Structure formats: C-alpha cells, structure tokens
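Structure assessment
Listed below, chain by chain, are the residues.
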Amino acid sequence: GRVDAVAHRAHWQPVEYNALHGGIERWFEPLAPALVADARWTGLLQGLAEVASGLHASPRWFAEAHVFRIDTTDGIGRPTPEGAHRDGVDLVSVTLVSREGVKGAETRVFAAQGREGQRFTLTEPWSTLWLDDERVVHESTPIQPLQPGGAGHRDTLVVTYRAAGFQGPEA
C-alpha cells in the first residue's frame, strides 16, 4: 500500500537474460526529483503494483522504473538492441507514453518454451503491456522516421517487478 524510494542504483541483469548488456552495471539518469515527489507518480506506481499483485502473489515488490526515449537522430532507433530477451524478473510492464513521427516499433512476444507468439504495435498513449517474464521473451523492432530525414521518437515507461529483491552481481 505504499511506495518506498531507494537510493539511485545501477540496473543489472545476468548474462543469461541479456547477452548484450548482461553482467554489467548500467547507470541510467535518475528520475527527475519533481516526478518522484509528484503524488500522481506514486499513484501510478501503486496502481501498477496492484495489477502486478493480481497477476503474481507477492506481499512486496522490488520495482525498477525506467523511462526510455528512442529517437531517430541517427536515422534508426533501436528499442531492444539485445534482441528477443527476458529480464530476469517476475513481471514487466511496458507503457507507451508518446509516439511521434515514427514507424516501426512492432512489439513481439513469444513463449519462452514453444512457438506461440504475438506481434502488435503500441500506438495509443498509456497503453500498457504486461509480460510474465518467466513465460515469454520479448523485443521491439527498430523505429524509423515517418518522413525521410525527419525527427521522431518513442517514449516508454518500463517498470520491472521482482519479489525476491533487486538483481545485482553475485557477491
């Protein structure tokens, strides 16, 4: 029923889940203090945690929130340069915040064991995809500008949920 902030920390995933960036500490910019202090942010995190608890029983979640802007500055933006992957957590929520002047970013979700899968494109702001990280792998295709040489971006909020604590390098 509450959100407790922790000190800014590195994002870490095992190599088994992320062959490109796994096994290294990845430092992202901290969320803006004004955002963290905003009651709407806390409400959003609490609401997402309630959904997570409805999908997986856990008395407490260790959640990491990342805001990603993928842009077309270099012509092509790569939302998931590591390709299809799992994150090593229990659940992942991916919320589309903004999508401006781009094509692409098809989301692909496939069974971790088996051949079943779905492909779709998040186009409406605040559309949220929930992933059971144990059961599926996921990726998004690159984005390109709608107009040749034009600018565009795709903003997402990714929140991962892990019941067993934050991930980190083995001691």
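Scroll up for the structure.
Below you will find a few notes about this structure. As the structure is a computational prediction, the values presented were derived from the model and not from experiment. All chains use their own residue numbering, which begins from 1 and follows the written sequence. Under the rules for a predicted model, residues below a pLDDT of 70 receive no local features and side-chain atom pairs below 80 are neither given nor counted, while totals for whole chains, interfaces and linings still include all residues. Note: side-chain values were computed over all heavy atoms of the structure, leaving out hydrogens and water.

In an α-helix, one full turn covers 3.6 residues, which means residues spaced three or four apart are oriented alike. Going along the chain from the N terminus, every DSSP run of H or I of four or more residues is numbered as a helix, and every run of E of two or more is numbered as a strand. Helix span, expected: 1.5 Å multiplied by one less than the number of residues in the helix. A rise of 1.5 Å per residue sets the reference length of helix H2 (residues 39-55), with its 17 residues, at 24 Å; its end C-alpha atoms lie 24 Å apart and thus fit the reference within 8%. Relative accessibility decides the category of a residue: with a 1.4 Å probe and only protein chains considered, values under 20% of the type maximum give buried, values over 50% give exposed, and everything between is partly exposed. Within the sequence span of H2, burial applies to Trp 41, Leu 45, Leu 48 and Ala 52. All buried residues of H2 fall inside an arc of 65° around its axis, so they share one side. For H2, the exposed residues set more than 90 degrees away from the buried face come down to Ala 39, Arg 40, Glu 50 and Gly 54. The directions considered for the arc run from the helix axis to the C-beta atoms.

Once that is clear, we can look at the nonpolar core. Of all hydrophobic cores here, the largest spans nine residues; its members are Trp 41, Leu 45, Leu 48, Ala 52, Trp 61, Leu 91, Leu 157, Val 159 and Tyr 161. Sorting elements by how many residues they give to this core places H2 first, with four residues. In this analysis, two residues are considered to be in contact whenever any of their non-hydrogen atoms come within 4.5 Å of each other. If we ignore the near neighbours within four places in the chain, the residues touching Tyr 161 are Leu 48, Ala 49, Ala 52, Trp 61, Phe 62, Ala 63, Val 89, Asp 90, Leu 91, Ser 93 and Trp 130. By size, the runner-up hydrophobic cluster in this structure holds eight residues, among which are Val 92, Val 94, Leu 129 and Leu 131. To form a nonpolar core, buried Ala, Val, Leu, Ile, Met, Phe, Trp, Tyr and Cys residues must be joined to one another through side-chain atoms within 4.5 Å.

This brings us to the sheet that holds strand S1 (residues 62-71). Two orientations exist for strands paired in a sheet by backbone hydrogen bonds: parallel and antiparallel. If you trace the four strands from one edge of the open sheet to the other, you get S1-S9-S2-S6, paired in antiparallel fashion. For this open sheet the edge positions go to S1 and strand S6 (128-132), each flanked by a neighbour on one side alone. With strand direction ignored, the average angle separating the axes of adjacent strands in the sheet is 20°. For two strands to pair, DSSP has to find at least two bridges joining them. Alignment of strand S2 (residues 91-100) against S6, held across five bridges, turns out to be antiparallel. Following the sheet pairing, Leu 91 is matched in S6 by Asp 132. Against the sheet, H2 touches S1, S2, S6 and strand S9 (153-162), its axis set at about 55° to S9. The angle between two axes is taken between their N-to-C directions and runs from 0 to 180 degrees, where each axis is a line fitted to C-alpha atoms and a helix contributes only its stretch in contact.

These results come straight from atomic positions and should not be treated as a statement about function.
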